[in-house]
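# Summary of structural features
Residue-level listing of the chains:
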Amino acid sequence: MKQQQSSTLFAQAQQVIPGGVNSPVRAFKSVGCEPLFIERASGSRIYDADGNSYIDYVGSWGPMILGHCHPKVVEAIQQAAANGASFGAPTRKEIKLAEMVCAAYPNIEKVRMVSSGTEATMSAIRLARGCSGRDKILKFDGCYHGHADSLLVNAGSGAATFGVPSSPGVPADFAKHTLTATYNDLDNVKELVAANKGEIACIILEAIAGNMGCVPPQPGFLAGLRQLCDTEGIILIIDEVMTGFRVAYGGAQERYGVYGDLVCLGKIIGGGLPVGAFGGKKELMSQLSPEGGIYQAGTLSGNPLAMSAGIATLELLQQEGFYAQIEEKSAYLEQGLRQAASAAGVTTCLQRVGGMFCCYFCAGPVNNFADAATSDTAAFSRYFRALLAAGVNVAPSQFEAGFMSIAHSKEDLDYTIDAVAAALKQL
Ligand code: HOZ
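What counts and what doesn't
- Residues numbered from 1 in each chain as written.
- Predicted model: local features only at pLDDT ≥ 70, side-chain atom pairs only at ≥ 80, totals over all residues.
- Heavy atoms only, no water.
- Salt bridge = Lys/Arg side-chain N within 4 Å of Asp/Glu carboxyl O.
- Helix = DSSP H or I, 4+ residues; strand = E, 2+ residues; numbered from the N terminus.
- Core = buried A, V, L, I, M, F, W, Y, C linked by side-chain atoms within 4.5 Å.
- Buried < 20%, exposed > 50% of the residue type's maximum accessible area, 1.4 Å probe, protein only.
- Axes fitted to C-alpha atoms, helices over the stretch in contact; angles between N-to-C directions.
- Parallel < 35°, antiparallel > 145°, perpendicular 65-115°, else oblique.
- Left-handed = near helix turned anticlockwise from the far one by under 90°.
- Contact = heavy atoms within 4.5 Å.
- Nonpolar A, V, L, I, M, F, W, Y, C, P; charged D, E, K, R; others polar.
- Phe/Tyr/Trp six-rings, centres within 6.5 Å; stacked < 30°, edge-to-face > 60°.
- Lys NZ or Arg CZ within 6 Å of the ring centre and 35° of its normal.
- Polar contact = N/O pair within 3.5 Å; in protein donor to acceptor, adjacent residues only side chain to side chain.
- Expected span 1.5 Å × (residues − 1).
- Arc of directions from axis to C-beta.
- Pairing = 2+ DSSP bridges.

### A closer look at the pattern of salt bridges
Should their charged atoms come close, side chains of opposite charge can pair. Taken as a whole and assessed by the stated rule, the structure comprises 13 salt bridges. Here K110 ties to E291 by a salt bridge, and the two come within 2.9 Å at their closest N and O atoms. Of this pair, K110 sits in strand β4 (residues 110-114) while E291 sits in the loop between α10 (282-285) and α11 (304-317), and the two are 181 residues apart along the sequence. Overlapping salt bridges, with partners in common, bring together E327, E334, R338 and R352 in one network.

Rendered as structure tokens:
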């Protein structure tokens, strides 16, 4: 597949943008090739600067559950743009999206809109610290909650991909307040909580870890955390930036029936535009400025274009049978991938929850970051390049999830299964 234009653009970009990309995970650095420069996208496909088309399972890293360029979302954005791109003042649309979010999550009574998932998590942590009067936080190895200082400790996503899970530039004085535990290991969490009794403001986790591939919570893990937090007066923050409105309309919390005190959202609620949000019970959320004293702000927070895209997206997700269709497509792909791996005699471990999934190159099961790290990343890189050459776009890292959209057709899925079978045979 000719990628000359992308290559030329990448050389140009590297002159003026660090690494040629505006987010490290886009760089294809760990898979031994250069990134594609994308011109446009439609439905299940993206198109690069050389005119090649790819069936897309990245979906802008999660938001595009409707596929790209859904006409109703495009129309909503266009109409909003015609009325003004940004006012820095309250609008009706913010109320509408906030009401939709509160209706979807029984534990969200008030929600504050921000512009990214990173802002959502860092603000939720400030709120938890402010409300509890405690400084320490507890996160899990391989979970990624954006790039705020206190969260870039043993982090997943690009931080894991590039081998810098705890970034230079985060002062040791900040990082010392972040405790890290093993995902799915409740005993480990209990030990840390006991050793830091009365000092931990919050436990934050992805209820399904999507930044070390796709790692579901083991039975009892979430409920155990909930109980521990209740006993110890710790605020439980569930990061649903990736899973919210993805694995169910009410996210992983609806799926597993365990609810956080605070919830972080992003990706799908912006319909592809830059949005994040954090919300929870009134007692906590009312301590935010200007109701309370804990400060948090943003010029573009609640931006009318982003609110419009989010509202249009959530309205479409409410259609009867939407999540059943996502499940059906994802199960079909999963089954095809399993058969392809077994026919090729390649050891893989496929993990999936609803429309998010990951194919590891190890025997599995993968329950935590140490397990994920046993995956053969060299084999993954060869697999990635073979798929890309065949016109299938998956995330350029073993430590990321794949995403299904409603726009993926049976033909797309069959083509993907054949491409995977061929890629695995070449390994
Ligand atoms: N959560 C996304 C990756 N796992 C963020 C994408 C990015 O870092 O650009």
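### Focus on the nonpolar core
Core analysis: the biggest nonpolar cluster contains 43 residues, and L138, F140, Y183, V189 and L205 have the highest contact counts within it. Looking at this core, the elements with two or more residues in it are β5 (136-140), β6 (178-181), α7 (186-195), β7 (200-206), α8 (221-232), β8 (235-239), β11 (349-353) and β12 (356-360). Sort the elements by how many residues they give to this core and α8 lands first, with five residues.

### A few points about the packing of helix α2 (residues 71-82) against α11
Between α2 and α11, whose axes approach to 8 Å, the crossing angle comes to 155°. The angle between the axes of α2 and α11 places the two elements in the roughly antiparallel class. Considering how the two elements wind past one another, α2 and α11 form a crossing that is right-handed. For the pair α2 and α11, the contacting residues are K72, V73, A76, I77, A80 and A81 in the first and P304, L305, S308, A309, A312, T313 and L316 in the second. Of the residues belonging to the contact of α2 with α11, the class tally is 10 nonpolar, two polar and one charged.

### Overview of the packing of aromatic side chains
Scanning all chains against the criterion turns up 14 aromatic pairs. Look at F140 and F221: their rings are 5.6 Å apart centre to centre, the planes differ by 75°, and that puts the pair in the edge-to-face class. Of this pair, F140 sits in strand β5 while F221 sits in helix α8; the two residues are 81 residues apart in sequence, bridging distant segments of the chain. Centroid distance F380 to Y383: 6.1 Å. Interplanar angle 50°. Geometry classified as tilted. Placement of both F380 and Y383 in helix α14 (residues 377-389) is noted, with a separation of three residues, approximately one turn of the helix. Residues F380 and Y383 agree in their burial class; the two are buried. Aromatic ring contacts, followed pair by pair, group F28, F361, F380, Y383 and F384 into a single cluster. Sitting over the ring of Y47, R40 keeps its end group 3.9 Å from the ring centre.

### Remarks on the side chain of N303
By secondary structure assignment, the location of N303 is in the loop between α10 and α11. In this structure the side chain of N303 is engaged in a polar contact, spanning 3.0 Å, whose partner is the backbone nitrogen of L305. Of note is the side chain of N303, whose polar atom sits 3.1 Å from the backbone nitrogen of A306. For N303, the contacting residues outside a window of four places in its chain are A85 and S86.

### Comments concerning α2
Here α2 is 12 residues long and its end C-alpha atoms lie 16 Å apart, about the 16 Å a rise of 1.5 Å per residue gives. Taken together, the buried positions of α2 are occupied by V73, A76 and A80. End-on view of α2: buried residues confined to an arc of 60°, all on one side of the axis. Opposite the packed face of α2, turned more than 90 degrees from it, sit the exposed residues P71, Q78 and A82. Here the buried face of α2 lies against α3 (92-104) and α11.

### Quick word on the sheet that holds strand β10 (residues 276-280)
What the seven strands build is an open sheet, ordered β4-β10-β9-β8-β7-β5-β6; its pairing is mixed. Among the strands making up the open sheet, the edge pair consists of β4 and β6. On average, each strand axis in the sheet is tilted by 20° relative to the strand beside it, whichever way the strands run. Across the sheet, α7 lies against β5, β6 and β7, angled at about 155° from β6, the strand it touches most.

### Points about the pairing of strand β9 (residues 262-266)
Taking burial as the measure, the five residues of β9 include five buried ones, the bulk of the element. Side chains of β9 alternate between two faces, with L262, C264 and G266 and V263 and L265 buried alike. Here three bridges tie β8 to β9, and the two strands are oriented parallel to one another. Across the sheet, residue D239 finds its bridge partner in β9, namely C264. Here β9 runs beside β10; their pairing, made up of five bridges, is antiparallel. Residue pairing for β10: V263 is matched across the bridge by G279.

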